[in-house]
Every structure is written in structure tokens, then in C-alpha cells.
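Remarks on the overall topology
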Amino acid sequence: MNNGMQRRDFLKMAGVGGVVFASRLGFWADAAMGELDDFFFVQLSDSHWGFNNPGVNPDSAVTLKKAIASVNSLDHQPDFVMFTGDLTHVTDDDAERRKRMKEVKEIIGELKAKDIKFMPGEHDAGLDEGKVFKEFFGEMHYAFDHKGIHFVVLDNVSDARSILGNAQLEWLADDLKKLDKNAPIIVFTHRPLFDLYPEWDWFTRDGGKAIEVLMQHTKVAVFYGHIHQENQHMTGHITHRSAQGSMYPLPAPGSVPVKAPVPWDPAKPYKGLGFRSVEAKAKEHAYNVTEFTITGEVVK
Amino acid sequence: MRSRKTMLLLASVAIVVFIASFFGAWAVADEAKQAPIKITAKMFEYSPNEITLKKGVPVVLEFTSLDRLHGFFCPGLEIRTDITPGKVNRLEFTPQKAGTFPFHCDNFCGTGHEKMTGKIIVTE
């Protein structure tokens, strides 16, 4: 789904090192230059710890560990790392869910960056309304400020109906009320807030209500997971950008009759898997996004 | 006096005839509907998972969950309902186009959620 934003700039990214292929969300780029508040964060998503299907990922026991090592090997460490859900693969067994949460937390604990933020995916929280997830990773929706940007983390998975719910929507409106309408805002969600492809559950049933609230602000970007691939979409002036997964890729929306993980390609191991860094220029209101493979190469 | 009684009698007969004709028309309309179709949902299947309907004929789907919350979403016919355990979840609609329309569970229900699917076939 092309929204007109394209990878178009080779930028030397301070903090990541080397010349990298980055895409700039250029619609904010004509604002004043800012340097003091520049920083970058890493987005990791959909590690599906516990997934076991050798035809899809014969290396599932070490894929996340490789991604963590790659983040650790960046020349500079991110201000924080954000996991946008589905840390674990779903299980109907509560004890097994707990075991997977414990294991994935230990693996993530190997990150050099110590500010690590979490949110659930439906695989983590959809069966027990997030009870076990909260025990290990804390709150499922929250907000924080970092170097001039207001971040909002929304939970659109712990209600199995794929909704945010009225209480969270009211919380969102209340949280944003205190901000200037031109304040930069980054929203993290697991599912897309818009109707990307409802036939595959790639939507949030009441996501339109959240977008309505966000539309009252002029500088909003949404980073999400769930679909295990990059995708860019605009709703009005709001950009929505999904991330690669770190366990198995999924096909492009509607490209095959039945949604199923893309089989492993021995000629191109880890193809379609990775993580991203997002260099944020708060004063410029611009974000330079760089996609990495699981093994740490920049995706060109 | 007699004439008043006659009038009352005629009015009563008229009311009875009116009510009877109303229920009669209702019954005829009801016959045009397809009988309700009962569908059970459980982890991770619908039974039946293939439903044949006739275009233009109103139908009621009656869903019952045998375990946890499920969903029914048929994007091609633009119909959906939650399937909440402990109650009959009714969905009344009239298919307006012929064809085969896949449906699936759209309330995350566990390890086999992605495979909980079926199809509605609407004939001319």
C-alpha cells in the first residue's frame, strides 16, 4: 500500500554509524533544524518466542538472540528499545505461556540498552486479558515523554475483540488534551489502527476513534507490528508504519488466498526478518528510519 | 338497542378478521424465510463450516460457542457477530449477491485461531 512516502535519502545517521539507507518522513522536514534533542530508538517486533515450525524458521531458537546481538553491536546504543508486541507465540497452556514470558524476558535482558519498553500482542495477551503479560512486563497502555516527543503506547489486543475500548479511548483523549496541538507525538500499537486488511484481522475494530482523537494533533506518527513486514500508510496527515517481525514473515496484504507464514528460503535465510532504528529529530519533527536484517546488515 | 348490538358484533368480527389476516400475512412472509441455521463454534472450528443460502431470501444464523469467545466475520457479505458463550448469538440478514464468501473467527481464540474458517455459498 503505497502512500507516496518513499525511501529517497541516503543519510549519514549519527548514532548508528555508516552510510545507511533511510527513509525520511519528509512532510515534517521543512521545520527548523534541531540537534540537541536528536536521538534514536530501536523497534523490535513479533519475536513469537515459542514458535516452532522448521519449515518456516528452522533457526527459531536463536533468531531473537541474533537480533539482540545485532542491536548490541550497533556503534552507539539507542536511548530505548521498544517491543511492539507478540513477544511470545500463543499457547493455550497458562504454565507454558508463563514459561515463554520468562524465557523471552531473559533473552531481552541481554540488551546493552537498559531502557526497554514493552507492549503486548494478541499472542501475549489475547487469551487472558494480559494477566500474565502484566506480571512480567507491566502496564499495557501508557504514555511517556522523551527529549521533546510525547510517546503513547496503546493496547489493542488484550480484549480479544481487537478493540481499544471506551476506557482507553477516553484515557487517550485525556492524555493528549494537555499537549500543544503541534507537539510531536509518536504512537506505538500492535495492530494497525486503520483498516489495512480486515479480512486477515489486520485492523482495530474501534481504531477509527483513536485516529479521530489523534487527527486533532498536527504531528503524529504511528509505529506498529502485527503484520510482520514493512508497510506505510497515511490517514490524513498521520503516517502509520509497520515493522518487520523477528521470527517469521507474512505475505503482503491480500496477496495470497490464505494468510500463512512465508516458508523459509534456504538461499536467503532470515529474509524478511529484522528490526529498525528510528532517529528522531524532535525540533525538526522528522524521523529517519533504517531497516536492519536480523544479523545487523542495513536493508537496501 | 338491537342495532347497537349488531354494530358491536360487526365491529368485533371486523377486528378478529383484521388480526387474523395480519397473522396470516406474517406467516406467509415467514415461510419465505429460510429456517434458522444453527452453527456451533469451538476451538478451532465451526460446525457446519460450509453454509449454502439463496440470494434474496432472508436467513437467521444462530451461533453457539461451546467453549470461549469466538467471532464470525464474513467480509464479502459485510456481516459479523461476536459468539459469546452461554447464549445464542443471532445474525439476521438477506444475501444480496451470489458467490462464495469465506468467513473466519475474528476474536483471537488461541493456537488454532488462524485456521478457524469456513465459507458461505450463495446461489441464484
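Quick caveat: nothing in here was measured; it's all calculated off a predicted structure.

About the cut-offs
Note that residues are indexed from 1 along each chain, following the sequence as it is written. Each chain is given a letter, starting from A, and each ligand a number, starting from 1, according to the order in which they appear as written. Reporting in this predicted model follows two pLDDT cut-offs: at least 70 for local features of residues, and 80 or more for side-chain atom pairs to be given and counted; totals over whole chains, interfaces and linings ignore these cut-offs and use all residues. Strand pairing is defined by DSSP finding a minimum of two bridges between the two strands. Helical segments are the DSSP runs of H or I of at least four residues, strand segments are the runs of E of at least two, and each set is numbered from the N terminus. Whenever a helix is involved, its axis is fitted only over the stretch in contact; in every case the axis is a line through C-alpha atoms, and angles between N-to-C directions fall within 0 to 180 degrees. Each nonpolar core comprises buried Ala, Val, Leu, Ile, Met, Phe, Trp, Tyr and Cys residues, the members being joined through C-beta atoms within 7 Å. The exposure label follows from counting other C-beta atoms within 10 Å of a residue's C-beta, where the C-beta atoms are placed from the backbone and the thresholds are 20 or more for buried and 12 or fewer for exposed, leaving partly exposed in between. Residues are scored as being in contact if the C-beta atoms we place from backbone atoms lie within 7 Å. What pLDDT reports is the predictor's confidence in each residue, on a scale of 0 through 100. Any helix carries an expected span of 1.5 Å times its number of residues minus one. Arc, as used here, means the arc of the directions from the helix axis to the C-beta atoms. An angle below 35 degrees is read as roughly parallel, one above 145 as roughly antiparallel, one from 65 to 115 as roughly perpendicular, and any other as oblique.

This part covers the sheet that holds strand S7 (residues 149-153) of chain A. Residues and elements named next belong to chain A. Spatial strand order, S6-S7-S8-S9-S11-S10: six strands in an open sheet with mixed pairing. Sheet topology places strand S6 (142-146) and strand S10 (231-235) at the edges, where each strand pairs with a single neighbour. The mean angle between the axes of side-by-side strands here comes to 20 degrees, regardless of whether they run parallel or antiparallel.

Turning to the nonpolar core, a few remarks are in order. Generally speaking, a soluble globular protein has its nonpolar side chains buried in company with each other. If you look at the biggest cluster of nonpolar residues, it comprises 66 residues, and the most contacted ones within it are Ile186, Val187, Phe188 and Val222 of chain A. Once residues within four sequence positions are removed from consideration, Phe188 of chain A is found in contact with Met82, Thr84, Met119, Phe151, Val153 and Phe223 of chain A. Membership of the second largest hydrophobic core comes to 19 residues, among which are Ala160 of chain A together with Phe63, Phe72 and Phe101 of chain B.

It is worth spelling out the confidence of the model for chain A at this point. When pLDDT is averaged along chain A, the result is 89, and 88% of the positions lie at 70 or above. Low pLDDT, under 50, characterises residues 1-36 of chain A; the stretch is placed with 72 contacts to residues that sit more than four places away or in other chains.

Neighbouring strands of a sheet are bound in pairs by backbone hydrogen bonds; such pairs are parallel or else antiparallel. Residues and elements named next belong to chain B. The four strands lie next to each other as S2-S1-S4-S7, forming an open sheet whose pairing is mixed. This sheet does not close on itself; its edge strands, each paired only once, are strand S2 (45-47) and strand S7 (89-93). Neighbour-to-neighbour, the strand axes of this sheet turn through a mean angle of 25 degrees, independent of strand direction. Relative to S7, strand S4 (residues 59-65) is paired through five bridges, and the arrangement is antiparallel. In the sheet register, Leu61 faces S7, and the bridge partner there is Leu91.

All names here are of chain A. Over its 15 residues, helix H2 (residues 94-108) runs 21 Å from end to end, which matches the ideal 21 Å to within 8%, given 1.5 Å per residue. By the burial criterion, the buried members of H2 are Arg97, Arg100, Met101, Val104 and Ile108. Down the axis of H2, the smallest arc covering the buried residues is 100 degrees, so these residues share one side. Exposed residues pointing more than 90 degrees away from the buried face of H2 are listed as Ala95 and Glu106. Buried residues in H2 make contact with helix H1 (63-72), strand S5 (116-119) and helix H4 (131-137).

In this section: unusual backbone geometry. Look at the link from Met43 of chain B to Phe44 of chain B: it is a cis peptide, with omega at 0 degrees. Tracing the backbone through its elements, the reader meets Phe44 of chain B in the loop between strand S1 (37-42) and S2. The linkage connecting Ser47 of chain B with the following residue, Pro48 of chain B, adopts the cis geometry, with an omega of 0 degrees. Locating Pro48 of chain B in the fold gives a position in the loop between S2 and strand S3 (50-54). Positioned with a positive phi, Asp46 of chain A is a non-glycine residue whose angle comes to about 50 degrees. By the secondary structure assignment, Asp46 of chain A is in the loop between strand S3 (39-44) and H1. At His48 of chain A, a position not held by glycine, the phi torsion is positive, near 45 degrees. With respect to the helices and strands, the residue His48 of chain A is situated in the loop between S3 and H1.

This part is about the packing of helix H5 (residues 166-177) of chain A against helix H6 (residues 207-214) of chain A. All names here are of chain A. Relative orientation of the contacting elements H5 and H6 amounts to 10 degrees, with a least axis distance of 10 Å. For the element pair H5 / H6, the angle class is roughly parallel. Across from Leu169, Leu172, Ala173 and Leu176 in H5, the residues of H6 making contact are Lys209, Ala210 and Val213.

The next thing to look at is the environment of Trp49 of chain A. Residues and elements named next belong to chain A. Mapped onto the elements, Trp49 comes out in the loop between S3 and H1. For the pair Trp49 and Gln168, spaced 119 residues apart in sequence, the C-alpha separation works out to 28 Å. Ignoring anything within four residues of it in the chain, the contact list for Trp49 reads Leu64, Leu87, Thr88, His89, Arg100, Glu103 and Val104.

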